[in-house]
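What follows is each chain in one-letter form.
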Amino acid sequence: MTSISSIRQRILEQAMRGKLVPQDKNDEPASVLLKKIQKEKEKMRKEGKLKKQKPLPPIEEKEIPYELPEGWMWVRLGEIGQIVGGGTPKTDIDEYWAEPGQGIPWLTPADLSGHTEMYISRGKRDISHLGLEKSSATLMPKGTILFSSRAPIGYVAIAENEISTNQGFKSVVPYLMETNMYIYYFLKHIGKEINEKATGTTFKEISGKQLSLQVIPLPPLKEQKRIVEKINELFSLCDQWEKEAEFQQKHIQTLREKVLADAIRGLLVEQNEDDEPTSVLLKRMKEEKKRWVKEGKIEKQKTLAPINSDEIPFEIPTTWEWVRLGEIAMINPRNKLDDDIDVGFMPMSLLEEGYSGKHSYEIRKWGEVKKGYTHFQERDIVVAKITPCFENKKSAIMRNLPNGYGAGTTELHVIRPFSGYVLAEYLMLIFKSDWFVEAGVSNFTGTAGQQRIPKDFIENYPIPLPPYEEQKRIVKKVEIIMETIEVMEKNIVPIK
C-alpha cells in the first residue's frame, strides 16, 4: 500500500516536472526571471554584498533528467542562490556565545532532527556578533533555506529570522527571496539524490561546490507561486490524513491491549462449570512434578513463597487461581544433545517485536552453540530480558526448530510450561500485555542502557491461571479477534 510519505514525494516529483499546476502562456518565462536574478547578483557585487564568483559550467545534456514544459529552463542552484557554509566559534570562549534569545540563533543539524515544520526560528544555542567575526559562521537573512550537508544529509527548513549555522549546513540564500519556497520544496524532493553524491570517509558530506552545481528546473516566477500554493494545499491534506492514520493506529494498539487485558481477567469467554477447576489441575501437576523429579526428567524446583493479597492486582473468576510462573514452568532450562545435531540458532535480530510472535533462525551444529548461549526447545517461550527489546515485546513461542532444539542470544529468558497443564499460547497473552511489560520495567536491574529483567522476577511473577479447557477457549478467541484487527490495520494507510 502506498504510504503518506511516498504520496508527498510523488506530489513534489509532479511539481518539479511541471505537472502539478497548469502553465499560463502569459507568465514571463524562466529566462526573463534568470536575467532578473543575474541583475540582482551584479547589484550585490557592486554594493560589496557578494564576492565575485567563478562562472558555473554550462549544463550538459547528460545532466538533464527529463523534459521541461515550455517557459521553464534548467539552471544550476548556484545561479539562483548563494551557497553559504557555516562555522563553530570556540566553545571555551564565553564572549563568543550569547544567552538564549539575546544573540543570533545558531543551528546544528541536530536542531532539525525531528523538525517537521517548514520554518525554524532558533536552535539550542545563540552566538554573539563577536562569535560570528571569530569563526566561519555567517549571518544569513530571514528566508534562507537551510540544508544539512552532513551528519545527516537532507534536513531542510526556511529561516524565520536572521540565523547562523555550524559547518554541517550548506544553506541557500536566494538572490531573489521570492524564489525561496520553491527552492525549499526542490531540496525536500531531491534530498535523497543529493545524499547519494556525498563523499567522505569518517562521514559523508556534500560540499558547497557540489550543491552549487546541482541542476534545478526553474519555472516562471508566477508559476512557482502557484506550485507552492498547490503543494501547501496538498501537504495540508496529507497532514490531516497522517493525523487520522496515527489516530487509527493508536486505536488499533488500544484495541489489542484491551483484548489481552480482558483475556487474562476472565472477561473474554464464558466460564464453563464442567471445566476442571485450576485448583484441581495444580494438585495433579504437583504430583506429576514429583514423579518427573524421581524419574530424572526435571530437576527439583525450589519452593516459592505464597502469593500475598497485595500482589494480586485484579479479581479473577472463582475457578481460576493465582500462581507464580516458577510453579507452572521451568525457567531457563538447559538442553543435553549430541554435538553433531543440527539446531536452530536465533540472535536477537531474528526475533520480531510487537504482537506477532514471529521468529526465524539460522541452522548450526549443537556443538557450536551449546556453550555461551541460551538453550530452548520446541514450544518453549522466549522473552527478551534487556531494554529496549523487553519493552518492544520481543517474545515468541519457538516453533519448527531443526530436531526440536535451539540456542540463541543470552539476552533471553526461557519459559518451558508444563505440558498438559499450561498452554504456551495462553502465557504468551500475558507476556504481550502492557500489564506484564510495565511490571517488568519497574523491576529492571543494571545501569542505564543495559537494564535487564532478572530471573527472579520471571520466576516469582504471579499470573492468573484459568482451567486448562478455558485456556484453550481464550487462546482461540484471541486468535480470531487478532486476525480481525490485523485486517483492519492493513486498511490503514501507512505513514512511512
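Residues numbered from 1 in each chain as written. Predicted model: local features only at pLDDT ≥ 70, side-chain atom pairs only at ≥ 80, totals over all residues. Heavy atoms only, no water.

The strand order across the open sheet formed by four strands is β13-β20-β17-β18, and the pairing between neighbours is antiparallel. Bordering the open sheet on either side are β13 (329-331) and β18 (395-397), each of which pairs with just one other strand. With strand direction ignored, the average angle separating the axes of adjacent strands in the sheet is 20°. With four bridges joining them, strand β17 (residues 381-384) and strand β20 (residues 412-417) adopt antiparallel strand pairing. Each residue of the ladder has a partner; that of Val383, found in β20, is His413. Along the sheet, helix α12 (residues 424-431) makes contact with β17, β18 and β20, crossing β18 at roughly 175°. (Pairing = 2+ DSSP bridges. Helix = DSSP H or I, 4+ residues; strand = E, 2+ residues; numbered from the N terminus. Axes fitted to C-alpha atoms, helices over the stretch in contact; angles between N-to-C directions. Contact = heavy atoms within 4.5 Å.)

Our focus in this paragraph is the packing of helix α8 (residues 221-263) against helix α15 (residues 468-490). Close contact between α8 and α15 brings their axes to 11 Å; oriented N to C, the two are set at 175°. Considering their axes alone, α8 and α15 lie roughly antiparallel with respect to each other. Contacts from Ile252, Leu255, Arg256, Val259, Leu260 and Ala263 of α8 reach α15 at Ile474, Val478, Ile481, Met482, Ile485, Glu486, Met488 and Glu489. For the contact of α8 with α15, the per-class residue count stands at 11 nonpolar, no polar and three charged. (Parallel < 35°, antiparallel > 145°, perpendicular 65-115°, else oblique. Nonpolar A, V, L, I, M, F, W, Y, C, P; charged D, E, K, R; others polar.)

Read from one edge of the open sheet, four strands run β3-β6-β4-β9, paired in mixed fashion. The open sheet has two edge strands, β3 (97-98) and β9 (164-165), and neither has a second partner. Note that strand β4 (residues 104-107) and strand β6 (residues 125-127) share three bridges and pair antiparallel. Residue pairing in the sheet places Ile104 in a bridge with Ile127 of β6.

Moving on to the packing of aromatic side chains. Enumeration over the complete set of coordinates arrives at 16 aromatic pairs. Centre to centre, the rings of Trp435 and Tyr461 are 5.2 Å apart; their planes meet at 55°, and the pair counts as tilted. Taken together, the residues Trp435 in helix α13 (residues 434-441) and Tyr461 in the loop between α14 (455-460) and β21 (462-465) connect sequence positions 26 residues apart. Relative accessible area serves as the criterion here: at 17%, Trp435 is assigned to the buried category. Classification of Tyr461 by relative accessible area gives buried; the value is 6%. Among the aromatic side chains, those forming a connected cluster through ring pairs are Phe314, Trp322, Phe390, Phe431, Trp435, Phe436, Phe444, Phe457 and Tyr461. (Phe/Tyr/Trp six-rings, centres within 6.5 Å; stacked < 30°, edge-to-face > 60°. Buried < 20%, exposed > 50% of the residue type's maximum accessible area, 1.4 Å probe, protein only.)

This next bit is on the nonpolar core. Core analysis: the largest hydrophobic core is formed by 110 residues, its most contacted members being Leu187, Ile328, Tyr426 and Leu427. A per-element tally of this core places α8 first, with 11 residues. Once residues within four sequence positions are removed from consideration, Leu427 is found in contact with Leu325, Ile328, Ile381, Ile415, Pro417, Val422 and Ile463. Val382, Leu401, Leu412 and Val414 belong to the second-largest nonpolar core, a separate cluster that totals 13 residues. (Core = buried A, V, L, I, M, F, W, Y, C linked by side-chain atoms within 4.5 Å.)

Below, the discussion takes up α15. The first and last C-alpha atoms of α15 sit 33 Å apart over 23 residues, in line with the 33 Å expected at 1.5 Å per residue. Along α15, the positions that sit buried rather than exposed are Tyr468, Glu470, Gln471, Ile474, Val475, Val478, Met482 and Ile485. The inward-facing, buried residues of α15 contact α8, α9 (278-294), α12 and β21. (Expected span 1.5 Å × (residues − 1).)

Turning to the side chain of His413, a few remarks are in order. Mapped onto the elements, His413 comes out in strand β20. Of note is the side chain of His413, whose polar atom sits 2.6 Å from the backbone oxygen of Ile453. Those residues in contact with His413 that sit more than four places away from it in its chain are Asn332, Ile381, Val382, Val383, Lys385, Ile453, Pro454, Lys455 and Ile458. (Polar contact = N/O pair within 3.5 Å; in protein donor to acceptor, adjacent residues only side chain to side chain.)

Another aspect to go through is the pattern of salt bridges. A full pass over the atoms with the stated rule returns 36 salt bridges. Across the salt bridge formed by Arg8 and Asp239, the nearest N and O atoms sit 2.6 Å from each other. Highlighted residues: Arg8 in helix α1 (residues 4-16) and Asp239 in helix α8, separated in sequence by 231 residues. A salt bridge links Glu469 to Lys472; its shortest N-O distance comes to 3.4 Å. Within this pair, Glu469 and its partner Lys472 are both found in helix α15, separated by three residues, close to a single helical turn. (Salt bridge = Lys/Arg side-chain N within 4 Å of Asp/Glu carboxyl O.)

Attention shifts here to the packing of α1 against helix α6 (residues 180-196). Running from N to C, α1 and α6 cross one another at 125°; their axes reach a closest spacing of 9 Å. By the angle between their axes, α1 is oblique relative to α6. When you trace α1 past α6, the crossing you get is left-handed. Of the residues in α6, those in contact with Gln9, Leu12, Glu13 and Met16 of α1 are Tyr182, Tyr185, Phe186, Lys188 and His189. Residue composition of the contact of α1 with α6, by class: five nonpolar, two polar and two charged. (Left-handed = near helix turned anticlockwise from the far one by under 90°.)

Alternating positions in strand β11 (residues 215-218) separate into two faces, Val215 and Pro217 on one and Ile216 and Leu218 on the other, with burial throughout. Relative to β11, strand β1 (residues 73-76) runs antiparallel, the two sharing four bridges. Looking at the pairing, Trp74 lines up with Pro217 of β11.

Locating Arg226 in the fold gives a position in helix α8. Take Arg226: its relative accessible area is 24%, and that puts it in the partly exposed class. Expressed as a C-alpha distance, the spacing of Arg226 and Glu391, which sit 165 residues apart in the sequence, is 47 Å. Each residue touching Arg226, except ones within four places of it in the same chain, is listed here: Val21, Pro22, Gln23, Asp24 and Asp27. Here Pro22 takes part through its backbone oxygen, which lies 3.3 Å from a polar atom of the side chain of Arg226.

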